[in-house]
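Take a look at the letters that make up each chain.
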Amino acid sequence: MIPVASDRRADWPSHPYASRDSLHEHDMWVAEGLTHRYPTKVLAELLSTCPQYCGHCTRMDLVGNSTPAVDKLKLTLKPVDRYDTHITYLKAHPGVRDVVVSGGDVANVPWRNLETYLMRLLEIETIRDIRLATKALMGLPQHWLQPDVVEGLERVARTAARRGVNLAIHTHVNHAQSLTPLVARAAQTALDVGVRDVRNQGVLMRGVNATSADLLDLCFALQGEAGILPYYFYMCDMIPNAEHWRVPVWHAQQLQHDIMGYLPGYATPRIVCDVPFVGKRWVHMLTDYDRERGISYWTKNYRTSIESADLAALDKRYAYYDPIDTLPEAGQDWWHTHRDD
Ligand code: SF4
């Protein structure tokens, strides 16, 4: 996850269509830090810091401070005011039933504040799923083993169970080598105090885990040894300086094919492409694919908050781009000619 300059491709460090907020989450904010991108689900970004900073971070435009080279998006409201705006929106929109509570990483929210936020969510009858997003379960399992955090999680899990709400933790492990006994203990502790499920959303990365052997090794370790459900692998998003990690869609399709049949069906991860302006799609769901130029086309079945007036949104085809260095020569030549278009 560490961005190392020497790992990057000199020819194409970034795809010409890469952008720092490639999923346009900020455009879909309905309150500060609250992205409404799917009909029944929202993403709540409680803060903009992480205990670790990944070079492949899909939220790289928000997460972390500005640097001399990059001016980042900032959360400007006081946390308490920001959280109020989220709760107000969710109360006013009973069609939202699922809240992904994220950041950054919720491990960086002082526990008392996080617990207050979660208890307020649990008071909203229409919220039926709450998912806590924390890569720190893997990177800093000690956090999730601190007595005050474990006790607080138990209080939240008990309240969720009483109200029939599914409370889960979603973590982010990309390789079996990251799964230590302490990570397994942190996951098991969360389950012991009543969290319904701990699930993994990894990122598919060339040179790290983009082989069927590496993926299966990780999935067996997650499922068999750590009590973590291998839920998704995301294709790395089209952010700058990630071309050395990204894989083409055909490669992701091949991997999905090759990992079938080894794990229980419910624990066989889906490999998904998060298509800009569309959302998650299973990698076989594309409608068309220009393999020479590496352009896949996708459709959608709902409007996001920025398209409510766009009647044609459901008839359009949305593009996703393979890394250029993986294309046949003719495709690479085409991009060299059109790189400044
Ligand atoms: S843990 Fe997640 S949010 Fe934090 S830097 Fe990594 S990818 Fe981004």
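Above this text you will find the structure in question.
Each residue is numbered by its place in its chain's sequence as written, counting from 1. Where totals are concerned, whole chains, interfaces and linings use all residues; where local detail is concerned, this predicted model gives features only for residues with pLDDT of at least 70, and gives and counts side-chain atom pairs only at 80 or more. In computing side-chain properties, one takes all heavy atoms of the structure into account and sets aside hydrogens as well as water.

Caption draft 1: Main features of the nonpolar core. Among buried residues, those of type Ala, Val, Leu, Ile, Met, Phe, Trp, Tyr and Cys that are joined through side-chain atoms within 4.5 Å constitute a nonpolar core. Any residue under 20% of the maximum accessible area for its type is buried, any over 50% is exposed, and the rest in between are partly exposed; the area is computed with a 1.4 Å probe on protein chains only. Val101, Ile130 and Trp144 are the most contacted members of the largest nonpolar core, which has 87 residues in total. Helix and strand assignments come from DSSP, with helices taken as H or I runs of at least 4 residues and strands as E runs of at least 2, each series counted from the N terminus. The leading source of residues in this core is helix H6 (residues 212-226), at seven residues. Contact criterion: two residues are considered in contact whenever any of their non-hydrogen atoms come within 4.5 Å of each other. Setting aside chain neighbours within four positions, we find Trp144 in contact with Val106, Ala107, Trp111, Thr134, Ala136, Leu137, Val149, Val150, Leu153 and Ala186. In terms of nonpolar packing, the next biggest core, distinct from the first, is built from 11 residues, Cys54, Cys57, Met60 and Val63 among them.

Caption draft 2: How the structure looks around the sheet that holds strand S3 (residues 41-45). Spatial ordering of the open sheet is given by S1-S2-S3-S4-S5-S6-S7-S8-S9-S10, a layout of 10 strands whose pairing is mixed. The open sheet has two free edges, formed respectively by strand S1 (29-31) and strand S10 (279-282), since each of these has just one partner strand. When strand S4 (residues 98-102) meets strand S5 (residues 129-133), the two strands line up parallel, connected through four bridges. Note that in S5 the partner of Val101 across the bridge is Leu132. To define axes, lines are fitted to C-alpha atoms, for helices over the stretch in contact only, and angles between the resulting N-to-C directions are given on a 0 to 180 degree scale. The strands touched by H6 are strand S7 (197-204), strand S8 (229-235) and strand S9 (270-275); relative to S8, the strand with the most contacts, the crossing angle is about 145°. Here, strands pair whenever DSSP counts at least two bridges between them.

Caption draft 3: Examining the site of the ligand more closely. The near set for a molecule or strand comprises every residue that places at least one heavy atom within 4 Å of it. Residues in contact with the ligand, as listed here, are Cys50, Gln52, Tyr53, Cys54, Cys57, Gly104, Lys135 and His172. When atoms are counted within 2 Å of each cavity's grid points, the one that captures over half of the ligand is the largest pocket. Classifying every residue of the shell around the ligand gives four nonpolar, three polar and one charged. In the cavity and pocket records, a cavity denotes points on a 1 Å grid over the protein atoms alone where a 1.4 Å probe fits but cannot get out, a pocket denotes an open set with protein on both sides within 12 Å along at least 5 of 7 lines, and lining residues are residues with an atom within 4 Å of a point. Pocket or cavity membership: a molecule qualifies when more than half of its atoms sit within 2 Å of the grid points of that site. All amino acids are sorted into three groups, where Ala, Val, Leu, Ile, Met, Phe, Trp, Tyr, Cys and Pro are nonpolar, Asp, Glu, Lys and Arg are charged, and the leftover types, Gly among them, are polar.

Caption draft 4: Local environment of the side chain of Thr268. By the secondary structure assignment, Thr268 is in the loop between helix H7 (249-259) and S9. Nitrogen and oxygen atoms within 3.5 Å of one another constitute a polar contact, given that in protein one can donate a hydrogen and the other can accept it, and given that sequence-neighbouring residues count only through two side-chain atoms. Within the structure, the side chain of Thr268 is placed 3.3 Å from the backbone oxygen of Leu263, a separation counted as a polar contact. Polar side-chain contacts of Thr268 include one of 3.0 Å to the backbone oxygen of Pro264. Those residues within four positions of Thr268 in sequence are excluded, and the remaining contacts are Pro230, Ile259, Met260 and Leu263.

Caption draft 5: Summary view of a nonpolar patch on the surface. Patch rule: a residue counts if its relative accessible area is over 30% and it has no salt bridge; like charges are joined within 9 Å, and nonpolar side chains (Val, Leu, Ile, Met, Phe, Trp, Tyr) within 5 Å. Residue-level accessible areas treat just the shown protein chains as cover; the underlying method is Shrake-Rupley with a 1.4 Å probe. Salt bridge, as used here: a side-chain nitrogen of Lys or Arg that lies within 4 Å of a carboxyl oxygen of Asp or Glu. A cluster of nonpolar side chains, Met1, Ile2 and Val4, forms an exposed patch at the surface whose accessible area comes to about 260 Å². For Ile2, the position within the fold is in the segment before S1.

Caption draft 6: Fine view of the layout of surface pockets. Grid points are joined across faces, edges and corners, and a volume is the space filled by probe spheres set on the points. Here the largest pocket defines a volume of roughly 1,200 Å³. Going through the elements one at a time, S3, S4, S5, strand S6 (166-171), S7 and S8 are the ones with two or more residues in the lining of the largest pocket. When its residues are assigned to classes, the lining of the largest pocket shows 19 nonpolar, 18 polar and 13 charged. Of the volumes computed, that of the second largest pocket is approximately 170 Å³. Forming the walls of the second largest pocket are Tyr17, Ser19, Ser22, His24, Met238, Pro276, Phe277, Tyr318, Ala319 and Tyr321. A class-by-class count of the residues in the lining of the second largest pocket yields seven nonpolar, three polar and no charged.

Caption draft 7: Geometry of empty space enclosed by the protein. Counted under the stated rule, the structure contains one cavity of 30 Å³ or more. Within this model, the largest cavity holds a volume of roughly 80 Å³. Around the largest cavity, the lining residues are Arg20, Asp21, Glu25, His26, Trp29, Glu45, Thr58, Arg59, Met60, Asp61, Leu62 and Leu73. Residues that form the lining of the largest cavity fall into these classes: four nonpolar, two polar and six charged.

Caption draft 8: Quick peek at the packing of helix H2 (residues 111-122) against helix H4 (residues 147-162). Relative to each other, H2 and H4 sit at 0°, their axes nearing to 10 Å. Here H2 lies roughly parallel to H4, going by the angle between them. Counted together, Trp111, Glu115, Leu118, Met119 and Leu122 of H2 and Asp148, Val149, Gly152, Leu153, Arg155, Val156, Thr159 and Ala160 of H4 form the full contact between these two elements. Here the residues of the contact of H2 with H4 are counted per class, giving eight nonpolar, two polar and three charged. The scheme is simple: roughly parallel for angles under 35 degrees, roughly antiparallel for over 145, roughly perpendicular for 65 to 115, oblique for anything else.

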